[in-house]
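Per-entry structural report
Below are the chains, spelled out letter by letter.
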Amino acid sequence: YPKTITNIPGIIEAENFNFGNLGNSYYDATPSSNSGGLYRTNHSVDIGSVNDNGSNYAIGWVSTGEWLEYIVSIQESVDYDIKFRISAPNNTGKIQLYLDGELLQGLISIPSTTDYSIFQDFVVTRSLPAGIHVLWIHVSTAGFNINNISFTKTNHAPTNVTLSSTSVNENL
């Protein structure tokens, strides 16, 4: 897994969360095990094998309250399509995005793909500020797997970005 900053635009493989330990670069509700038993086996984040668009691994067995942290270098202050590659047997899963500890996007409902083995894309569009930032993905409600997140510039003029002052979950 990389110990480098991910450039945006670009793709974050979900299993390549920041180098570090429980409570520092991730939070996992089952800290004594990696339920998938693959890839970063010295961490408790649950990583399983997938065969999805060239990806070999995905974050699975997520629990409410878990989170992952990524260091990103946003190249330009513009609107980005943030595309999540997700699998979910139903539509109950929810996530939140934080940038530098500030709520970037409130609850995002995860659509059903009908099965944990079927991955599909869904997109939200947000304006992101240029520079080096810490991005958190927070599981608000469990019930999905996440393969990757891609960021592409949209084809329209940027909108102003204002990060919410909502406090971050104490586990972040």
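The text that follows walks through the structure, step by step, so that each part is easy to find.

About the criteria used
- Residues numbered from 1 in each chain as written.
- Predicted model: local features only at pLDDT ≥ 70, side-chain atom pairs only at ≥ 80, totals over all residues.
- Heavy atoms only, no water.
- Phe/Tyr/Trp six-rings, centres within 6.5 Å; stacked < 30°, edge-to-face > 60°.
- Helix = DSSP H or I, 4+ residues; strand = E, 2+ residues; numbered from the N terminus.
- Buried < 20%, exposed > 50% of the residue type's maximum accessible area, 1.4 Å probe, protein only.

1. Digging into the packing of aromatic side chains
Working definition: an aromatic ring pair is given by the centre-to-centre distance plus the angle between the planes. A complete count under the given rule lists two aromatic pairs for this structure. Aromatic side chains Phe17 and Tyr26 sit 5.3 Å apart centroid to centroid with 65° between the ring planes, which places their arrangement in the edge-to-face category. Ring centres of Phe84 and Phe122 lie 5.1 Å apart, and the angle between their planes is 20°; on these two criteria the pair is classed as stacked. Within this pair, whereas Phe84 is found in strand S7 (residues 78-88), its partner Phe122 is found in strand S10 (residues 115-128), the two being separated by 38 residues in sequence. Each member of the pair, Phe84 as well as Phe122, carries the same accessibility label: buried.

2. A word on unusual backbone geometry
Among all residues save glycine, negative phi is the norm, and among peptide bonds the norm is trans. Residue Ile8 is joined to Pro9 through a cis peptide bond whose omega torsion reads 15°. Assignment of secondary structure puts Pro9 in the loop between strand S1 (6-8) and strand S2 (10-13). Residues other than glycine seldom take positive phi values, yet Asp100 does so here, at roughly 55°. Summarising the element assignment, Asp100 is placed in the loop between strand S8 (94-99) and strand S9 (102-109). Residue Asp100 is classed as partly exposed on the basis of its relative accessible area, which comes to 40%.

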